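Structure at a glance
Next come the chains, spelled out residue by residue.
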Amino acid sequence: MSQDPFKNERFLQSKLDEYHVKVPDIPLHSRKKRWERFINYLASPAKNPIDPMVSTLNGIMLVKTGPVLCGAVLSVLPVLVFV
Amino acid sequence: MFERADELMIAYQQGDMESLDQLYLLLKGPIYSFVYRYSRDEQLSIDIVQDTFIKLQRSKHLYKREKGKISSYLYQIAYRLMIDKLNRRKKWRSFLPFLTPSDKEEVDLADRMSVREAVAALSEVHRPIVLLFYYHDLTHEEIASVLDIPKGTVKSRLHYAIKKLKEELGGEENVSRSL
């Protein structure tokens, strides 16, 4: 092919050729329902949202002291409101 | 292979249900590979393959041989379904960021990872062009029709993507260094 821009890119070709994909067995007719797919999506492993905080000292302090402070505020709040 | 696929599609349009099964066997692999290399999500790729063929069954009369190969037509359906799904996921993630799936890629060889990473690092507009051109042997015209962009844009994006891949993967000098 005269328009093939990969023609002279042997190194790139050799690298791209290493990218193999294993095709699983996919049945044609047994399609999952939308709801099942949504549940699967919700149940798939997800990133821990607190992970980035744990990597810094300030983040660790916030994760540790945050719940204590929240608890303290919540316990003092009724006293301030009702007394 | 693709001439055979076109013949099977015509037979299916004429009512031969067995041709659909054969067409599926012939093209599910290439479509899965395309979607998987683009998204690196196995479950999404399986869903897209099934949805593509369901859509084909629902609108089999819309395919016209003069307009192009059945493989290009199916890549087009798969690409649109995949982009719709990925955009919908992006919206969900903006509401519920903790739903972001973790990367659970298997680590094989260092080299193999680097080519995967380099392909994944290409932008959303450049990645499908490299995949369709290199792995699926589509011409510039066919890619233009699958992605619904001008042929000139395909050429320029392909040129840019090759340049970017070479930067990411290193050049010939890396071969001699590693030997």
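The structure displayed is predicted, hence computed values, not measured ones.

Cut-offs used in this document
Residues numbered from 1 in each chain as written. Chains lettered and ligands numbered in written order. Predicted model: local features only at pLDDT ≥ 70, side-chain atom pairs only at ≥ 80, totals over all residues. Heavy atoms only, no water. Helix = DSSP H or I, 4+ residues; strand = E, 2+ residues; numbered from the N terminus. Expected span 1.5 Å × (residues − 1). Bend = angle between axes of the 7 residues up to and from the residue. Phe/Tyr/Trp six-rings, centres within 6.5 Å; stacked < 30°, edge-to-face > 60°. pLDDT = per-residue confidence, 0-100. Contact = heavy atoms within 4.5 Å. Patch = residues over 30% accessible without salt bridge, like charges linked within 9 Å, V, L, I, M, F, W, Y side chains within 5 Å. Areas by Shrake-Rupley, 256 points an atom, 1.4 Å probe, with all protein chains shown as cover. Salt bridge = Lys/Arg side-chain N within 4 Å of Asp/Glu carboxyl O.

Below, the discussion takes up helix H4 (residues 57-82) of chain A. Spanning 26 residues, H4 of chain A covers 38 Å between terminal C-alpha atoms, matching the ideal 38 Å at 1.5 Å per step. Helix geometry: H4 of chain A is bent most strongly at Thr65 of chain A, by close to 35°, with proline Pro67 of chain A lying one to four residues after it.

Let's shift gears to the packing of aromatic side chains. Residue and element names in this part refer to chain B. A full pass over the atoms with the stated rule returns ten aromatic pairs over all chains. Between the aromatic rings of Tyr24 and Phe53, the centroid separation amounts to 4.8 Å while the plane-to-plane angle is 90°, which identifies the pairing as edge-to-face. Here the residue Tyr24 occupies a position in helix H2 (residues 17-39), and Phe53 occupies one in helix H3 (residues 42-58), the gap between them amounting to 29 residues. A ring pair is formed by Tyr32 and Tyr36, whose centres lie 5.9 Å apart and whose planes are at 10°; its orientation type is stacked. With Tyr32 and Tyr36 both in helix H2, this residue pair falls four residues apart, about one helical turn.

In this section: unusual backbone geometry. Residues and elements named next belong to chain B. Unlike most non-glycine residues, Arg40 shows phi in positive territory, near 55°. Relative to the elements of secondary structure, Arg40 occurs in the loop between H2 and H3. Phi at Asp148 is positive, roughly 60°, even though this residue is not glycine.

Residue and element names in this part refer to chain B. Residues at a pLDDT of 70 or more form 84% of chain B, whose mean pLDDT is 85. The least confident element of chain B is helix H9 (residues 172-178), whose mean pLDDT is 46; the most confident is helix H6 (residues 127-135), at 95. In the predicted structure, residues 173-179 sits below a pLDDT of 50 and forms three contacts with residues beyond four places in sequence or in another chain.

We now examine a nonpolar patch on the surface. Side chains of Val73, Leu74, Val76, Leu77, Val79, Leu80, Val81, Phe82 and Val83 of chain A sit close together on the surface and give an oily, nonpolar patch of about 980 Å² of accessible area. Relative to the assigned elements, Val73 of chain A resides in helix H4.

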